[in-house]
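Coordinate analysis (summary)
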Amino acid sequence: MKENYDRRFCVAPMMGYTTPYARKLYRILSKKSFLFTEMIACKSLIYSKKKDLIIENDNHNPVALQVGGSDIEDLKKCSQIARDYNYDEINLNVGCPSKAVQKGSFGACLMKDKVLVRNCLESMQSSNIITTMKCRIGLGQKLNYDFFEEFIDEISKIEIKIIYIHARNAILNGFSPSQNRSVPKLDYSFVKRIRSKYPQINFVLNGGIDSLEMAYKLINEFDGVMLGRLIQNNPFILKKVDRLFYDTDYDISVNEEIISKYFDYINKKINKDSIYRLMSPLLQIFFGIPNSKNFKLKIHEHMQSGRVKVIRDLLLSFVEKNKLLLN
Ligand SMILES: Cc1cc2nc3c(=O)[nH]c(=O)nc-3n(C[C@H](O)[C@H](O)[C@H](O)COP(=O)(O)O)c2cc1C
């Protein structure tokens, strides 16, 4: 088993976003950040004919495969798959509040059954891969530290080394997953308290970290930070992460080489996946850059007719013209 627990800076799992293509871009921009797949339901992982496309790991390491499920045997199989695809870690989703996920008996509703979660994690560990969990601090409107502590007490009975915590409760009724990312309010103190009780476990803080400056301050109080929406909106800030969080001595700048590397990768995927999924991570390059509307319009036009080479040339010329603003 690989024994490296450094999860100082993590990019959160995000369905529809942390695709293999996004992970490729993230890895070009940061050699060190710890990456996650989107949540993949166990049954899809085991039975989907498109498995190779969904969970491809083109040397995106260090990277975790996140699964959703609560069937002990299925989870065991998923761990084996994670190992076979050279993932560094398998992570159980105990935080998603969506109705569909509740129907499948996984995600945040599992916090109601702490013994089942412990059994799930234990079965995942049997494939000899680092096994972790991403959970909330509780369920419902009311904060209750005792509930959270008892939940972690149960999980700590197995040898778990890393727990990612989205530091707000999940509300299982009446709120959509996206509302559940802004209400109820965050409470980092729960994570601080539990961390002092279990110094042998690495607790990675997630939720509401909306700048690299904020992440950098929090890194001293937790074992790592995990960022979702900031990276979803502006993946290009990852170029600052290695120097800031890992003290490396190189600089990564947004230049033509980055665009070329990305296209070298996705060129092999054309006709296998939609052009929108292939291109969308890279198109975040326009985030915050003034006067980029014309480029965006042209690119969207060419996406409709699938003209990848023209899109590549447009992006190369955009980078050339905006190098100062992009770096
Ligand atoms: C579009 C989107 C999709 C998400 N999908 C997942 C997912 O598949 N698995 C998961 O554990 N969390 C998922 N999340 C939650 C994030 O991992 C994270 O916990 C949440 O966004 C809070 O972090 P942030 O405030 O840094 O965004 C998703 C969030 C977003 C915005």
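What follows deals with the nonpolar core. Of all hydrophobic cores here, the largest spans 101 residues; its most connected members are F9, V67, M133, I163, M279, I285 and L315. With 8 residues, helix α15 (residues 308-326) is the single largest residue contributor to this core. Structurally, this core is a two-domain feature, drawing no fewer than three residues from each of domain 1 (9-246) and domain 2 (256-326). If we ignore the near neighbours within four places in the chain, the residues touching I285 are F236, V254, I259, L315, F318, V319 and L326.

Time to look at the state of the cysteines. On inspection of all chains with the given rule, the structure shows 0 disulfides. Take C10: it sits in no disulfide, and the sulfur closest to it among the cysteines is that of C135, at 14 Å. According to the relative accessible area criterion, C10 is buried, its value standing at 0%. Distance from the sulfur of C109, which forms no disulfide, to the nearest cysteine sulfur (C96) is 9.3 Å. Overall, C109 belongs to the buried group, its relative accessible area being 14%.

Bringing the pairing of strand β4 (residues 89-94) into the picture now. Across the 6 residues that make up β4, a large majority, 6, are buried. Here strand β3 (residues 63-68) pairs with β4 via 4 bridges, running parallel. Within β4, the residue paired with Q66 across the bridge is N91. Of the strand pairs in this sheet, β4 and strand β5 (residues 130-135) are connected by 6 bridges, and their pairing is parallel. Its bridge partner being in β5, I90 is matched across the sheet by T131.

This part takes up helix α1 (residues 20-29). Counting buried residues in α1 gives 10 out of 10 residues, a clear majority hidden from the surface. Inspection of α1 places P20, Y21, A22, R23, K24, L25, Y26, R27, I28 and L29 among the buried residues, and these make up the whole buried set.

Summed over all chains, the structure comprises 12 aromatic pairs. On the numbers, 5.1 Å between centres and 90 degrees between planes, the contact of F36 with Y164 is edge-to-face. Note that F36 is positioned in strand β2 (residues 35-41) and Y164 in strand β6 (residues 162-166), a separation of 128 residues in sequence. Across the pair, exposure class does not vary: F36 and Y164 are buried alike. Geometrically, the ring pair formed by Y188 and F222 is edge-to-face, given 6.4 Å between the ring centres and 80 degrees between the ring planes. In this pair, Y188 is assigned in helix α8 (residues 188-197) and F222 in the loop between α9 (212-218) and β8 (224-227), connecting sequence segments 34 residues apart.

Reported here for the largest pocket is a volume of approximately 650 Å³. As for the largest pocket, its lining consists of 29 residues, and the residues nearest its centre are P13, M14, K134, H166 and R181. Sorting the residues of the lining of the largest pocket by element identifies β5, β8 and α10 (229-233) as the ones contributing at least two each. For the lining of the largest pocket, a count of residues per class yields 14 nonpolar, 10 polar and 5 charged. By volume, the second largest pocket amounts to about 190 Å³. For the second largest pocket, the lining is made up of 13 residues, of which N234, F236, I237, K239 and L326 are closest to its centre. Tallied by class, the residues present in the lining of the second largest pocket amount to 8 nonpolar, 3 polar and 2 charged. No fewer than three residues from each of domain 1 (9-246) and domain 2 (256-326) sit in the lining of the second largest pocket.

Turning our eyes to something else, we now look at the side chain of H166. Among the structural elements, H166 can be located in strand β6. The exposure class of H166 is buried, given its relative accessible area of 7%. Sequence-distant contacts of H166, defined by excluding residues within four places in its chain, comprise C135, R136, I137, N180, R181, L186, N206 and G207.

Note on interface size: it is often stated as the accessible area lost on association of the parts. Taken domain by domain, the protein consists of domain 1 (9-246) and domain 2 (256-326). With centres defined by C-alpha atoms, the gap from domain 1 to domain 2 works out at 29 Å. Counting residues at the interface gives 19 residues for domain 1, matched by 16 residues for domain 2. In total, about 1600 Å² of surface goes out of reach between domain 1 and domain 2, with carbon and sulfur atoms giving 68% of it. The largest share of the area that domain 1 buries against domain 2 comes from Y21, I28 and F236, three residues that together contribute 39% of it.

Conventions adopted
Residues numbered from 1 in each chain as written. Predicted model: local features only at pLDDT ≥ 70, side-chain atom pairs only at ≥ 80, totals over all residues. Heavy atoms only, no water. Core = buried A, V, L, I, M, F, W, Y, C linked by side-chain atoms within 4.5 Å. Buried < 20%, exposed > 50% of the residue type's maximum accessible area, 1.4 Å probe, protein only. Helix = DSSP H or I, 4+ residues; strand = E, 2+ residues; numbered from the N terminus. Domains from an automatic or database assignment. Contact = heavy atoms within 4.5 Å. Disulfide = S-S within 2.5 Å. Pairing = 2+ DSSP bridges. Phe/Tyr/Trp six-rings, centres within 6.5 Å; stacked < 30°, edge-to-face > 60°. 1 Å grid on protein atoms, 1.4 Å probe; cavity = no way out; pocket = protein on both sides within 12 Å on 5 of 7 lines; lining within 4 Å. Points joined across faces, edges and corners; volume = space filled by probe spheres on them. Nonpolar A, V, L, I, M, F, W, Y, C, P; charged D, E, K, R; others polar. Buried area = accessible area lost by both parts, 1.4 Å probe.

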